[in-house]
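Chain by chain, the residues:
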Amino acid sequence: MANGLIPQKIVSVHLQDSALKELKGQASDLPAQLLQPDPESCIERNPPEPDTMEDPQSPGSASTRGPGGAPGGSEPAMDGDRGVGSVEHCPLHLSSCHECLELENSTIESVRFASAENIPDLPYDYSSGLEGLADDLRPERDERRVNVMGKAPNILLYVGSDSRDGQDRLQQVRSALADCVDTDCYTLYHLPPENALRDPWPDNCLLLVIATGEPVPEDLSRRFMAYLSQGGKVLALASSFTLPGFRVTSKSPLQDTVQSLVFCKADGSLLRLSILSSGCVYEEGPGEPLGPGKLHGHLDSEDGDRLVVQVPFGIHGGEAVLCQVHLELPPSSPVVQTQEDFNLLKSSNFRRYEVLTEILTTLGLSCDAKQAPALTPLYLLTATEEIRGPLVQWLGKHVDPEGVIRSSKVSLKFISSYTSEIEITPSAIPVVTDTESCSSENFDFEIYRQNLKTKKLGKVILFAEVTPTTMNLLDGLMFEMPQEMGLIAIAVRQTQGKGRGKNAWLSPLGCALSTLLVCIPLRSPLGQRIPFVQHLMSLAVVEAVRSIPGYQDINLRVKWPNDIYYSDLMKLGGVLVNSTLMGETFYILIGCGFNVTNSNPTICINDLITEYNKEHGAELQPLRADCLIARTVTVLEKLIDVFQDQGPNGVLPLYYKYWVHSAQQVRLGSAEGPQVWIAGLDDSGFLLVHQEDGDVVTVHPDGNSFDMLRNLIVPKQQ
């Protein structure tokens with residue numbers, strides 16, 4: 001607790017008199033300074049007398065303690081007046097309480113074995129206090145919150161000395177693990193060297209992560225080995241820590257270089273990825289390993305040096321996975337020096353997480369998808385005050401007596417204020433009309449308004465912190481609301497994001513997520529070429545960034561037909577278009593999502609800015625999602641106006657400037673089909689290709705949901 005640990009488990013036991021006297025004698029022999037509270041502790045507590053035991057309070061207890069530790073500010077209870085022999089039910093902390101942290105391991109073990117009955121090592125359940133411990137023994141408990149070893153869900157991170165490098169490593173390891181496991185189910189704690197030697201952490205450690213290039217002191221190494229022998233789990237990341245049968249050998253030419261790793265998963269399948277090497281490998285060493293584990297990884301080279309090994313240890317299920325690759329380092333790490341290395345690591349970033357997840361799962365952790373965040377209400381916002389009056393009047397005429405506008409996909413109930421009692425479901429969402437109550441850390445409406453420079457588009461905003469998908473929110477409004485009101489739905493998170501076809505769209509925090517309503521007359525240049533809408537939206541995202549002074553060389557590009565790319569290497573955004581023709585008007589919903597601040601699992605716009613600054617010594621500032629959504633809508637309106645005035649030729653020069661396909665080779669029909677060269681877009685927005693015989697033909701996608709440029713087909717002539 002002195003180092004910020006939260007009590008995870010408190011168990012009451014009955015002790016025999018002899019055990020209490022033995023404990024009293026051992027505690028009395030300890031140096032006085034061991035019984036003093038740590039000055040850095042966030043909880044002030046009086047040190048207990050040698051012959052007393054404090055009555056534990058559960059984390060959720062209603063009792064409160066005053067500054068001196070007494071309940072409710074009253075005087076501390078004097079347990080010593082009762083005498084040791086009179087104690088019948090003497091509670092003893094067996095978890096991370098101050099007294100237990102200061103006792104030697106032998107004392108803890110002696111107390112355990114002195115119990116009159118067996119003490120179950122109870123699993124931890126966040127939803128209950130002491131009164132709920134019995135419920136944890138039921139087999140139907142929530143499996144995502146219970147581990148097979150029955151220990152508190154603590155992951156301890158040992159990064160060596162408390163230096164600046166050590167603190168940086170701690171943050172890197174913590175960040176990497178937090179992206180793999182559900183931090184609502186596991187707690188990540190720093191384990192400083194002094195605590196690793198002194199405290200009884202093995203009792204409450206589900207996984208020990210050793211991530212330091214410094215030699216592990218011999219006494220600490222013995223402590224780690226003892227933890228393993230008791231059934232503990234260890235993950236070593238670029239560490240000198242090893243086990244019998246292996247030794248760490250330095251190969252300095254490999255240090256901090258990008259290497260190709262072949263990783264074998266538990267099911268025998270192989271992953272190939274680019275990874276940052278520590279400069280060391282594993283070779284056979286003294287001692288006999290218990291047996292080879294299923295996980296292993298080696299360099300994709302003639303030597304095939306071992307970089308990842310799984311090592312069972314002891315007879316109680318202990319296990320370690322030892323790695324000499326930097327699974328904890330992101331591609332943006334300062335260790336990565338060249339643009340080529342950054343590109344290789346970013347291209348493999350998803351597989352890096354796949355390897356780390358496989359290792360953590362093998363070591364007994366749950367890496368299931370995190371629980372979806374709770375849905376939040378929508379807020380009705382207007383970019384200008386002039387439009388708010390007509391909007392409120394229109395709503396008054398179109399809502400039903402209950403204030404609801406219904407559609408086949410979602411019902412929107414317009415209310416003046418929101419309380420937590422109002423239910424929110426994917427099919428029924430409240431819309432708050434009081435703009436003053438809208439507040440978000442991730443979306444600044446004022447920034448959006450300042451950057452929106454349109455005549456119509458994006459003027460009326462439905463904003464949600466968390467919503468199922470923005471594509472459904474405008475369904476009941478799009479055909480009725482006057483076109484000049486320019487509807488847009490914006491969300492920080494989506495729980496059911498939609499991609500092309502039946503694909504899902506991942507929507508992590510840091511994405512710019514929106515669905516924009518655009519109305520296009522059927523008998524207009526764009527109305528006759530609706531496939532161009534997705535091209536214009538992709539182009540608008542790229543131009544929104546690259547038209548900012550100083551950002552023109554950020555390598556953001558468009559990929560036909562509806563993707564936003566970093567160079568020609570990685571996707572960081574996409575566009576989904578649904579169009580409905582009613583009368584003489586196309587009502588088009590343009591869904592768009594692109595990564596702005598979320599580096600994982602692939603790449604984001606701010607990654608590109610960081611790399612540009614590093615390469616050119618520039619100081620470009622990171623960008624925000626709210627700003628870029630507004631700029632994108634502004635650029636799109638201008639592109640539509642140009643297209644309606646000049647046709648495709650008015651926008652294609654800018655599109656070709658940013659696209660990734662110039663002279664690109666593709667195959668028709670299948671991987672063995674004839675080879676063709678991409679030449680541009682035809683008058684309807686489909687690809688034009690040069691065939692080997694010199695003919696230029698239009699090609700369409702074959703309908704596969706993975707890559708629109710795979711298996712292109714030549715449509716039959718009508």
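Heads up: the structure comes first, above all this text.
Quick notes on the rules
Residues numbered from 1 in each chain as written. Predicted model: local features only at pLDDT ≥ 70, side-chain atom pairs only at ≥ 80, totals over all residues. Heavy atoms only, no water. Salt bridge = Lys/Arg side-chain N within 4 Å of Asp/Glu carboxyl O. Buried < 20%, exposed > 50% of the residue type's maximum accessible area, 1.4 Å probe, protein only. Helix = DSSP H or I, 4+ residues; strand = E, 2+ residues; numbered from the N terminus. Axes fitted to C-alpha atoms, helices over the stretch in contact; angles between N-to-C directions. Parallel < 35°, antiparallel > 145°, perpendicular 65-115°, else oblique. Left-handed = near helix turned anticlockwise from the far one by under 90°. Contact = heavy atoms within 4.5 Å. Nonpolar A, V, L, I, M, F, W, Y, C, P; charged D, E, K, R; others polar. Core = buried A, V, L, I, M, F, W, Y, C linked by side-chain atoms within 4.5 Å. Phe/Tyr/Trp six-rings, centres within 6.5 Å; stacked < 30°, edge-to-face > 60°. Pairing = 2+ DSSP bridges.

**Q** Just to check I follow, could you spell out the pattern of salt bridges for this structure?
**A** When the charged atoms of two side chains with opposite charge come close together, those side chains can pair. Enumeration according to the criterion identifies 20 salt bridges in this entry. Ionic pairing is found between Arg198 and Asp199, a salt bridge with its closest N-O pair at 2.9 Å. Note on Arg198: relative accessible area 36%, which makes it partly exposed. Given the relative accessible area of 5%, Asp199 is considered buried. Connected through shared salt-bridge partners, Asp400, Glu402 and Arg406 make up one network.

**Q** Can you walk me through the environment of Leu457 in this structure?
**A** Note on placement: Leu457 falls in the loop between helix H10 (445-451) and strand S16 (460-467). Separated by 29 residues in sequence, Leu457 and Gly486 have C-alpha atoms that sit 4.3 Å apart.

**Q** Sorry if this is basic, but what is going on with the packing of helix H12 (residues 532-546) against helix H14 (residues 625-646) here?
**A** Packed helices, taken two at a time, are described by the angle their axes make and the gap between the axes. Contact geometry of H12 with H14 gives a least axis separation of 8 Å together with a crossing angle of 130°. Here H14 runs oblique to H12, going by the angle between their axes. By crossing handedness, the relation of H12 to H14 is classed as right-handed. Where H12 approaches H14, its residues Phe532, Leu536, Met537, Leu539, Ala540, Val541, Glu543, Ala544 and Val545 are matched on the opposing element by Leu628, Arg631, Thr632, Val635, Leu636, Leu639, Ile640 and Phe643. Class assignment of the residues belonging to the contact of H12 with H14 gives a composition of 14 nonpolar, one polar and two charged.

**Q** Just checking my understanding: could you explain the nonpolar core for this structure?
**A** A general feature of soluble globular proteins is that nonpolar side chains tend to end up buried together. By size, the foremost hydrophobic cluster in this structure holds 86 residues, and its most contacted members are Tyr448, Ile461, Ile605 and Leu636. Excluding its chain neighbours within four sequence positions, the residues that come into contact with Ile605 are Val545, Leu556, Leu572, Phe594, Asn595, Val596, Leu623 and Leu628. Membership of the second largest hydrophobic core comes to 41 residues, among which are Val281, Val325, Leu327 and Leu363.

**Q** Which parts of the structure should I look at to understand the packing of aromatic side chains?
**A** What characterises a pair of aromatic rings is the spacing of the ring centres plus the angle enclosed by the ring planes. Taken as a whole and assessed by the stated rule, the structure comprises 13 aromatic pairs. Considering the side-chain rings of Phe445 and Tyr448, the 6.2 Å spacing of their centres and the 15° angle between planes classify their relative orientation as stacked. With Phe445 and Tyr448 both in helix H10 and three residues apart, the pair spans about one turn of that helix. For the pair formed by Phe445 and Tyr448, the shared burial category is buried.

**Q** Looking at this model, I keep getting lost on the sheet that holds strand S26 (residues 696-699). Mind explaining?
**A** Two pairing modes exist for strands in a sheet, parallel and antiparallel, and in both the strands are linked by backbone hydrogen bonds. Taken in spatial order, the four strands line up as S23-S24-S25-S26 in an open sheet, and their pairing is antiparallel. Across the chains shown, the open sheet's two edge strands, defined by having one partner strand only, are strand S23 (665-667) and S26. Pairwise comparison of adjacent strand axes, ignoring direction, gives a mean angle of 50° for this sheet. Where strand S24 (residues 675-681) meets strand S25 (residues 687-690), four bridges bridge the pair, whose relative direction is antiparallel. Paired with Trp677 across the strands is His690, a residue of S25.

In short, shape yes, function no, at least from these values alone.
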